[in-house]
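Listed below are the residues making up each chain.
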Amino acid sequence: MVKIKTDILIIGSGPAGLNAAYTAASHGANVIIVDEAITIGGQLKQQTQILNNLPGEFNSQRGFSLVDDFYERLKSLPITFLLRHTMIGIYKNNSIGVTNGKETFPITYKKLIIATGAAEEATIFPGWTLPGVMTIGAAQILLNREHVLPGNEAIILGFNEFSLEVGKQLESCGVNIKAIVAKGNYDVELFHEAKNVGIRVVSNATIISATGVNEVEKVVLNIDGIEEEHMVDLVCIGNRLSPILEAFEILSCQLAYQEDLGGLFPKYYNSLETTNTSVYVAGNAAGITNIGGILITGEIAAWNALYSLELLEYSQFKNRSRALWEQLYRIEESQVFKARIAAIKETYKDESLALPPFVELLLEEC
Amino acid sequence: MEKSTIVCRCEEINIDEIEIAIKNGAQEFDDIKRLTRCGMGTCQSKICMNLVRKIISEKLNKPLGEIAPSKMRMPLKVTRLSALTKNIDLCIEEKATLEEGEQTSV
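Cut-off values and rules
Residues numbered from 1 in each chain as written. Chains lettered and ligands numbered in written order. Predicted model: local features only at pLDDT ≥ 70, side-chain atom pairs only at ≥ 80, totals over all residues. Heavy atoms only, no water. Contact = heavy atoms within 4.5 Å. Buried area = accessible area lost by both parts, 1.4 Å probe. Salt bridge = Lys/Arg side-chain N within 4 Å of Asp/Glu carboxyl O. Polar contact = N/O pair within 3.5 Å; in protein donor to acceptor, adjacent residues only side chain to side chain. Helix = DSSP H or I, 4+ residues; strand = E, 2+ residues; numbered from the N terminus. Nonpolar A, V, L, I, M, F, W, Y, C, P; charged D, E, K, R; others polar. Core = buried A, V, L, I, M, F, W, Y, C linked by side-chain atoms within 4.5 Å. Buried < 20%, exposed > 50% of the residue type's maximum accessible area, 1.4 Å probe, protein only. Expected span 1.5 Å × (residues − 1). Pairing = 2+ DSSP bridges. Axes fitted to C-alpha atoms, helices over the stretch in contact; angles between N-to-C directions. 1 Å grid on protein atoms, 1.4 Å probe; cavity = no way out; pocket = protein on both sides within 12 Å on 5 of 7 lines; lining within 4 Å. Points joined across faces, edges and corners; volume = space filled by probe spheres on them. pLDDT = per-residue confidence, 0-100. Parallel < 35°, antiparallel > 145°, perpendicular 65-115°, else oblique. Patch = residues over 30% accessible without salt bridge, like charges linked within 9 Å, V, L, I, M, F, W, Y side chains within 5 Å. Areas by Shrake-Rupley, 256 points an atom, 1.4 Å probe, with all protein chains shown as cover. Lys, Arg positive; Asp, Glu negative; His and termini not counted. Charge placed at Lys NZ, Arg CZ, Asp CG, Glu CD.

Of the residues lining the interface, 42 residues belong to chain A; the matching set on chain B comes to 41 residues. Between chain A and chain B, the buried area comes to about 3,800 Å², and carbon and sulfur atoms account for 63% of it. The interface formed by chain A and chain B contains 2 salt bridges. Linking chain A with chain B are 6 residue pairs in polar contact (both at pLDDT 80 or more). Mapped by element, the contributors of at least two residues to the side of chain A that touches chain B are β5 (79-83), β6 (86-91), β8 (104-114), α6 (246-250) and β19 (255-258) of chain A. Looking at the side of chain A that touches chain B, the element that brings in the most residues is β6(A), giving 6 residues. Along the lines of polarity and charge, the residues of the side of chain A that touches chain B split into 24 nonpolar, 11 polar and 7 charged.

As a further point, take the nonpolar core. Core analysis: the largest hydrophobic core is formed by 86 residues, its most contacted members being A:Ile8, A:Val31, A:Ile107, A:Ile113 and A:Trp325. Considering each element in turn, this core owes the most residues, 10 residues, to helix α7 (residues 291-308) of chain A. Those residues in contact with A:Ile113 that sit more than four places away from it in its chain are A:Ile8, A:Leu9, A:Ile10, A:Ile11, A:Ala20, A:Tyr280, A:Ala282, A:Ala301, A:Ala302 and A:Ala305. If you look at the next biggest cluster of nonpolar residues, it comprises 40 residues, including A:Ile124, A:Ile223, A:Ile237 and B:Cys48.

Since the α-helix packs 3.6 residues into each turn, any two residues three or four apart lie on the same face. Between the first and last C-alpha of helix α3 (residues 49-60) of chain B there are 16 Å, a value that for 12 residues agrees with the 16 Å anticipated at 1.5 Å per step. When α3(B) is considered as a whole, its buried residues turn out to be B:Met49, B:Leu51, B:Val52, B:Arg53, B:Ile55, B:Ile56 and B:Ser57. Summarising the contacts, the buried residues of α3(B) are in contact with β19 and β20 (263-266) of chain A together with β1 (6-8), α1 (15-23) and α2 (29-36) of chain B. Looking at the residues trailing α3(B), positive phi occurs at B:Asn61, about 55°.

Glancing now at the pairing of β6(A). The two faces of a sheet get side chains in turn, since along a regular strand they alternate between them. All names here are of chain A. Relative to strand β7 (residues 95-99), β6 runs antiparallel, the two being bridged by 5 bridges. Bridge pairing in β7 links Tyr91 to Ser95. Connecting the antiparallel pair β6 and β7 is a turn made up of 3 residues, with Asn93 showing a positive phi of about 60°.

Quick look at unusual backbone geometry now. Put simply, B:Met74 and B:Pro75 share a cis peptide bond, and its omega is -5°. Mapped onto the fold, B:Pro75 is located in the loop between α3 and α4 (81-85). Backbone geometry at A:Ser352 places phi at a positive 50°, although glycine is not the residue there. Within the secondary structure, A:Ser352 sits in the loop between α9 (334-350) and α10 (357-365). With a phi close to 75°, B:Arg37 is a non-glycine residue in the positive phi region.

Below, the discussion takes up the sheet that holds strand β16 (residues 226-231) of chain A. All names here are of chain A. Strand order in the open sheet made by the 3 strands is β14-β15-β16, with antiparallel pairing throughout. A single partner strand is all that each edge strand has here, and the edge strands are β14 (205-211) and β16. Ignoring which end each strand starts from, the neighbouring axes of this sheet average 25° apart. Relative to strand β15 (residues 218-223), β14 is paired through 6 bridges, and the arrangement is antiparallel. Paired with Thr206 across the two strands is Asn222, which belongs to β15.

Here we take up the layout of surface pockets. Residues and elements named next belong to chain A. Of the volumes computed, that of the second largest pocket is approximately 330 Å³. In this structure, the second largest pocket is lined by 18 residues; those nearest its centre are Asn270, Ser271, Asn304, Phe317 and Ser321. For the lining of the second largest pocket, the secondary-structure elements that each account for two or more residues are α7, α8 (314-331) and α10. For the lining of the second largest pocket, the per-class residue count stands at 10 nonpolar, 5 polar and 3 charged.

Moving on, we get to the confidence of the model for chain B. All names here are of chain B. This prediction gives chain B a mean pLDDT of 85; 81% of its residues lie at or above 70. The model gives residues 93-106 a pLDDT under 50, and that stretch makes 23 contacts with residues more than four places away or in other chains. On the interface metric, ipTM, the complex scores 0.92, and its pTM is 0.94.

Let us now look at the packing of α8(A) against α9(A). Residues and elements named next belong to chain A. Relative orientation of the contacting elements α8 and α9 amounts to 135°, with a least axis distance of 9 Å. By the angle between their directions, the pair α8 and α9 is classed as oblique. Here α8 contributes Trp325, Leu328 and Tyr329 to the contact with α9, which in turn contributes Phe337, Arg340, Ile341 and Ile344. Looking at the contact of α8 with α9, its residues break down into 6 nonpolar, no polar and 1 charged.

Residue and element names in this part refer to chain A. Following the sequence through the fold, Lys267 ends up in the loop between β20 and β21 (279-281). There is a polar contact of 2.8 Å between the side chain of Lys267 and the side chain of Gln254. Those residues within four positions of Lys267 in sequence are excluded, and the remaining contacts are Gln254, Leu255, Ala256, Glu273, Thr274, Thr275, Thr347, Asp350 and Glu351.

Moving on: a negative patch on the surface. Taken together, the side chains of A:Glu161, A:Asp187, A:Glu189 and A:Glu333 define an acidic patch exposed on the protein surface. Here A:Glu333 is to be found in the loop between α8 and α9.

Taken as a whole, this structure holds 21 salt bridges over all chains when the rule is applied. Here A:Glu259 ties to A:Arg240 by a salt bridge, and the two come within 3.0 Å at their closest N and O atoms. Here A:Glu259 is found in the loop between β19 and β20, whereas its partner A:Arg240 is found in the loop between β17 (234-237) and β18 (241-243), with 19 residues between them in sequence. A residue is classified by how much of its surface remains accessible, and A:Arg240, at 29% relative accessible area, is partly exposed. Across the pair B:Glu19 and B:Lys59 runs a salt bridge, and its minimum N-O distance is 3.5 Å. Of this pair, B:Glu19 sits in helix α1 while B:Lys59 sits in helix α3, and the two are 40 residues apart along the sequence.

Encoded structure:
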């Protein structure tokens, strides 16, 4: 059943997949990237804000321009892009099943890097299924990618860096943000940022209900025990993200749980190899992190895949791996990095393997 | 929260139905699925899985990490039957090459 063969197969062409592809292809590996979208870039495509915490080799820039940056880096490399192709299953013997909507076929890999990213979690309240209630990411896609105004009067549920950023983007396009609803207490710095742009943040608050005929028309908030009504046509849910797991589950990769990594995620070693040999994880699928962490984990996974394909010298591999992990330590939020290292330690423990001294060192460092 | 609040939007399963399933002994997402059809719609539990896991965790007072996710089955995404069957022989014989496949370059 051997047809399409490649050294390294990458699922997902977001920042992690693209950086993994760049690393792998520039060190002599044949690479295929599969993505269900029609263009590369994943969720970067609608990020109009400037991304600051990028690794040294990238300039600070907006998300969509980082996609262009990758396009330039990748176009001369031996990479096959299978866009509008979706991984829907697996065959035996290191092959996955891919469909383009018309037919389904296997792709055989020596190493598989899964960079499927993360999904936004929902929050339920009476009326959350009404049209006009959407995730904050969906509102951003409508605004920046589809150029459609998702509403005129909005409430945002969930106060974090991303929901505030999209709130600002919505406001700058003429949407009136009536309030950002924060569950508990909020980050003071973030609160001041909201205040500076004139966005109201209410704390210790929840949405009691959303009501309307055919679409959301009214939202009732509970702010510290006091009810407040707002006439709105848009409710954005700005929750946390969680890793997308389907591909790992179907490949029988074991899962683990870490609150600080976004919940369930595939278990992995410091090579980012999962418990299924030859299957690696990169990006938000390996634990929710920032853009810097997403790019670096893409490179780490590719680097390890290259080394196990004997495309790298040991010293070259070892030095770069260490440098990457140290870079990750500096660029990631410390609690995410800690959770990641703790998770790696657990994997070694569960498999009764000795923890590499290098991970031991990282553990001490954080 | 109101008992009628929807949890699984594809199959329109509300909190009440999920809580009743838990009272009847459901301990994992798949138990709820078998009892209520929750998660069996078009999105295949992509939206409701963690919502349901959270409800189970709260009701049974068990850590969220111990509530198993839904069992994934192929095809992982909504796929036309014609796309699944069209190349059935191609998957057995070794005649296709990458060039013959539909290929899009950047």
